[in-house]
Amino acid sequence: MKILNPDNLRIPTEPGATPCLLGNRCWDCSTVVFPKMPVCPSCHHNGHMDEIEIGRTGKLYSHTISHFAPKGFTAPAFQIFVDLPEGPRIFSLVGRGLPVERGMLENGMAMKLVVEPLADTPEHREELTYKYVPAGARA
Amino acid sequence: MRDVAIIGVGAHPSGRFMEKPLKALAYPAIWGALDDAGVKPTDINVAYVGNSLGGLLTGQEGVRGQVVLQHSGITGIPIINVENACASAMTALRGAWLEVASGQADIALAVGVEKMNVGDNARTIGALSGVSELDLSELGMQFTTSYAIHPKINLKARMQEYGWTAADFAKPAVKNSYNGSLNPLAQHRKPLTIEEVVQSRIIVDPLTLLMCSSISDGAAAAVLCSVDMAKRFSSKTKITIASCVLQSGVYRLPGDERPDSATTSSQAAYERAGVGPKDIDAIELHDAMAPSELMLYERLGLCGPGDGPKLIDEHVTTLDGSQPVNPSGGLCSRGHPVGATGLLQICELVWQMRGEAGKRQIEKRPKVTMAQNQGGLLLGQDSAVYGCTILKS
């Protein structure tokens, strides 16, 4: 197993610590971005971005069910955008365990980050990435 | 800057042409434009060639423009390759326009060509996903999803906000399928009903198959020259480029209240052309997913928030209306060979302005027209490229 994008995702090894995303926060205007970038998109200052841990939780902004998968993925599958409390609105897939049916997700619901293989396919089975599941779901 | 005229256009039909490589698709479009303009290959001073997916899908990773143009007899001039996703062709047009406007060239050629049918649709969809920023596409995000729920357009949310129904979503597809049925160059020539569109299979909820543009091969070209020289070559209706605007997407955080980029790019095009939305007689716009046409009505200033379906119900944007939209059939019916689309839009507008559009000719020949083209997807909630061109006759 390897992390699909180690620059974006931290999987801590200490007991009790939970995985999180890695974003940037601007020293000058506090804008938070994900994924990271060296220039703040709001105030355009260069090189004033600190790495911060974000995205352990979020709120569902929008969701759909995709019935057609690109190569290496499976369908049907949820595709969602999540608002992180730190600011960014990000695209994500949904973690396993949730039946892929209408009515299972509701915009505004609390979500939490989980780490899983990108897809259960030969192409992506060994690549770990972040996904989100409803906060009330399995630990 | 000099005024620039479009003196010739040509197009290859859109559809599935398995046996044809890029250069064979481009050839009839290029020579269609040369013959239409009355110029020889040796008259062309500079050429811009738009193509998006040819590297991944055909293996011709570099110099596609030079390959395509040599096949058509155009060599020994500056040839610039343009990749700008689904707005590659409009970007090529802008390059050719600037060359002539600036006086660097007297006669310029803009070409858009795309080969998407390669016998493996999953590979084509994968290549298309690659015109989104990799951070998005590597997670399996597709263009259809971006139209359904991406914050830049979020059609699903519009159903809540405006009360739009599946039938409203189908209306642009139905209108454009009728226009496409009259267009011999169109990929899909069957007029559709609301029921057929709504009941076709769901691709990405709430978008159905017949609301989505399909995989397509095709090409288009235009010959541009200074207005002063135009008389020498062509006796046809004089058509000038009143404005040609290109903007990249803007990094937007949640809560960003700035107008979206389709709005700002069209406003810039209106301003530079000295016209407003009410002055436009015909429009070709980027309906990659049919219901996005309803959102673009708002963003181009044709109607207020949520009023898009009314423009179709009240026959404003139909072929018999006061502002016909997508008379060619648009991306869903005429076809969306992505790197050719912007110039296919220009071809249609030129034919309409000259009265050469055959069965789909707008009765009152349009004098001021607009082409709106966009493409790609970036982090930060915007498309990558927005283009808007206004023509006058």
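> Just to check I follow, could you spell out the interface of chain B and chain A for this structure?
It is common to give the size of an interface as the accessible area lost on bringing the parts into contact. If you look at the interface, chain B gives 26 residues, while chain A gives 36 residues. Here chain B meets chain A over a buried area of about 2,600 Å², counting both sides, of which 61% is carbon and sulfur. The largest per-residue losses of area from chain B upon contact with chain A belong to B:Leu139, B:Ile149 and B:Tyr251, which jointly make up 25% of the total buried on that side. Viewed at the interface, chain A and chain B are joined by one salt bridge. In this structure, the salt-bridge partner of B:Asp205 is A:Arg102, at a minimum N-O distance of 2.6 Å. At the surface where chain B touches chain A, the tally comes to 11 residue pairs in polar contact (both at pLDDT 80 or more). Going through the elements one at a time, helix H5 (121-129), helix H6 (134-137), helix H7 (143-149) and strand S5 (202-204) of chain B are the ones with two or more residues in the side of chain B that touches chain A. For the side of chain B that touches chain A, a count of residues per class yields 15 nonpolar, six polar and five charged.

> Looking at this structure, I do not really get the pattern of salt bridges. What am I missing?
For side chains of opposite charge, pairing can occur when their charged atoms come near one another. On inspection of all chains with the given rule, the structure shows 29 salt bridges over all chains. Salt-bridge contacts for B:Asp36 lead to B:Lys236; the nearest nitrogen and oxygen are separated by 2.5 Å. Of the two residues, B:Asp36 is situated in helix H1 (residues 22-37) and B:Lys236 in the loop between helix H11 (227-233) and strand S8 (240-248); the sequence distance between them amounts to 200 residues. B:Asp205 serves as the salt-bridge partner of B:Lys156, at 3.8 Å between the closest nitrogen and oxygen. You can see B:Lys156 sitting in helix H8 (residues 155-162) and its partner B:Asp205 sitting in the loop between S5 and strand S6 (207-208), a full 49 residues away along the chain. Within the structure, one salt-bridge network assembled from shared partners comprises A:Asp7, A:Arg10, A:Lys36, A:Glu51, A:Glu53 and A:Arg56.

> Is there a simple way to think about the pairing of strand S11 (residues 385-392) of chain B in this case?
Note on strand geometry: in a regular strand, side chains alternate between the two faces of the sheet. Residue and element names in this part refer to chain B. For S11, the tally of buried residues reaches seven of eight residues, placing the bulk of the element in the interior. Note: S8 against S11, eight bridges, orientation antiparallel. Across the sheet, leucine 246 pairs through a bridge with glycine 387, a residue of S11. In the sheet, strand S10 (residues 368-375) pairs with S11 via eight bridges, with the strands oriented antiparallel. Opposite glutamine 374, over in S11, you have tyrosine 386 as the bridge partner.

> Help me understand the nonpolar core in this model?
A general tendency of soluble globular proteins is for nonpolar side chains to be buried together. With 98 residues, the main nonpolar core has A:Leu21, A:Tyr130, A:Tyr132, B:Tyr297 and B:Ile390 as its most contacted residues. The element contributing the most residues to this core is helix H12 (residues 261-273) of chain B, with five residues. With residues near it in sequence (within four places) discarded, A:Leu21 still touches A:Asn8, A:Leu9, A:Phe34, A:Ile52, A:Glu53, A:Ile54, A:Gly55, A:Leu84, A:Ile90, A:Leu113, A:Tyr130 and A:Tyr132.

> How do you make sense of the packing of aromatic side chains when you look at a structure like this?
Here a ring pair, both rings aromatic, is described through the centre-centre distance and the interplanar angle of the planes. Summed over all chains, the structure comprises four aromatic pairs over all chains. Geometrically, the ring pair formed by A:Phe81 and A:Phe91 is edge-to-face, given 5.6 Å between the ring centres and 70° between the ring planes. Of this pair, A:Phe81 sits in strand S7 (residues 77-83) while A:Phe91 sits in strand S8 (residues 89-93); the two residues are 10 residues apart in sequence, bridging distant segments of the chain. Here the two residues A:Phe81 and A:Phe91 agree in accessibility, since each one is buried. Relative to B:Phe169, the ring of B:Trp164 has its centre 6.5 Å away and its plane inclined at 75°; by these criteria the two rings are edge-to-face. With relative accessibility at 4%, the residue B:Trp164 sits in the buried group. An aromatic cluster of three or more residues is present, and its members are B:Tyr162, B:Trp164 and B:Phe169. Across from the ring centre of A:Tyr61, 3.6 Å away, lies the NZ or CZ of A:Arg89, which sits over that ring. A cation over an aromatic ring shows up here: B:Lys20 above the ring of B:Phe17, its NZ or CZ 5.6 Å from the ring centre.

> Sorry, what's going on with the side chain of B:His336 here?
Residue and element names in this part refer to chain B. Along the polypeptide, histidine 336 turns up in the loop between helix H15 (330-333) and helix H16 (341-354). At 2.6 Å, the side chain of histidine 336 forms a polar contact with the side chain of threonine 341. Apart from the residues within four sequence positions on either side, histidine 336 is in contact with Cys86, Met116, Gln187, Ser213, Ser214, Ser216, His286, Leu331 and Thr341.

> How should I be thinking about the confidence of the model for chain A in this particular structure?
Any region with low pLDDT has predicted coordinates that should not be read closely. For chain A, the average pLDDT comes to 94, and 99% of its residues sit at 70 or higher. The secondary-structure element of chain A with the lowest mean pLDDT is strand S1 (residues 2-3) of chain A, recorded at 95, while strand S3 (residues 20-26) of chain A shows the highest, at 98.

> For this particular structure, what's the right way to read helix H4 (residues 88-101) of chain B?
Residues and elements named next belong to chain B. The terminal C-alpha atoms of H4 lie 20 Å apart, and with 14 residues this matches the ideal 20 Å at 1.5 Å per residue to within 8%. Burial analysis of H4 places 12 of its 14 residues in the buried class, the great majority of the element. With its phi angle positive at about 90°, glycine 103 sits one or two positions after the end of H4.

> I'm lost on the environment of B:Ala384 in this one. Help?
Residue and element names in this part refer to chain B. Looking at where alanine 384 falls in the secondary structure, it is placed in the loop between S10 and S11. When the C-alpha positions of alanine 384 and arginine 365 are compared, they lie 34 Å apart, and in sequence the two are 19 residues distant. Contact partners of alanine 384, with chain neighbours within four places excluded, come to Gln247, Ser248, Gly249, Gly375, Gly376, Leu377 and Leu378.

> Would you mind showing me how to read the confidence of the model for chain B here?
For chain B, per-residue confidence averages 96 on the pLDDT scale, and residues scoring 70 or more make up 100% of the total. Our summary of model confidence lists the complex with pTM equal to 0.97 and ipTM equal to 0.92.

> For this particular structure, what's the right way to read the pairing of S8(A)?
All names here are of chain A. Burial analysis of S8 places five of its five residues in the buried class, which makes it a mostly covered element. Neither face of S8 is left uncovered, since the one carrying Arg89, Phe91 and Leu93 and the one carrying Ile90 and Ser92 both have all their residues buried. Where S7 folds back on S8, the antiparallel hairpin that results is connected by five residues, among which glycine 87 adopts a positive phi of roughly 135°.

> Whenever I open this one, the packing of H1(B) against helix H3 (residues 64-71) of chain B confuses me. Can you help?
When two helices pack together, you describe them by how their axes are tilted relative to each other and by the distance separating the axes. Residue and element names in this part refer to chain B. Running from amino to carboxyl end, H1 crosses H3 at an angle of 60°, the nearest separation of the two axes being 8 Å. For the element pair H1 / H3, the angle class is oblique. Here the hand of the crossing between H1 and H3 comes out right-handed. Contacts from Leu22, Lys23, Ala24, Ala26, Tyr27 and Ile30 of H1 reach H3 at Arg64, Val67, Val68, Leu69 and His71. Here the contact of H1 with H3 is composed, by residue class, of eight nonpolar, one polar and two charged.

> Which parts of the structure should I look at to understand H3(B)?
At 3.6 residues per turn, the α-helix brings residues three or four places apart onto the same side. Residue and element names in this part refer to chain B. Those residues of H3 not exposed but buried are Arg64, Gly65, Val68 and Leu69. The arc enclosing the buried residues of H3, seen along the axis, measures out at 120°, which places them on a common side. Lining the buried residues of H3 we find H1, strand S2 (46-50), helix H2 (54-58), strand S3 (79-82) and strand S4 (107-114). Looking at the residues trailing H3, positive phi occurs at glycine 73, about 85°.

Conventions adopted
- Residues numbered from 1 in each chain as written.
- Chains lettered and ligands numbered in written order.
- Predicted model: local features only at pLDDT ≥ 70, side-chain atom pairs only at ≥ 80, totals over all residues.
- Heavy atoms only, no water.
- Contact = heavy atoms within 4.5 Å.
- Buried area = accessible area lost by both parts, 1.4 Å probe.
- Salt bridge = Lys/Arg side-chain N within 4 Å of Asp/Glu carboxyl O.
- Polar contact = N/O pair within 3.5 Å; in protein donor to acceptor, adjacent residues only side chain to side chain.
- Helix = DSSP H or I, 4+ residues; strand = E, 2+ residues; numbered from the N terminus.
- Nonpolar A, V, L, I, M, F, W, Y, C, P; charged D, E, K, R; others polar.
- Buried < 20%, exposed > 50% of the residue type's maximum accessible area, 1.4 Å probe, protein only.
- Pairing = 2+ DSSP bridges.
- Core = buried A, V, L, I, M, F, W, Y, C linked by side-chain atoms within 4.5 Å.
- Phe/Tyr/Trp six-rings, centres within 6.5 Å; stacked < 30°, edge-to-face > 60°.
- Lys NZ or Arg CZ within 6 Å of the ring centre and 35° of its normal.
- pLDDT = per-residue confidence, 0-100.
- Expected span 1.5 Å × (residues − 1).
- Axes fitted to C-alpha atoms, helices over the stretch in contact; angles between N-to-C directions.
- Parallel < 35°, antiparallel > 145°, perpendicular 65-115°, else oblique.
- Left-handed = near helix turned anticlockwise from the far one by under 90°.
- Arc of directions from axis to C-beta.

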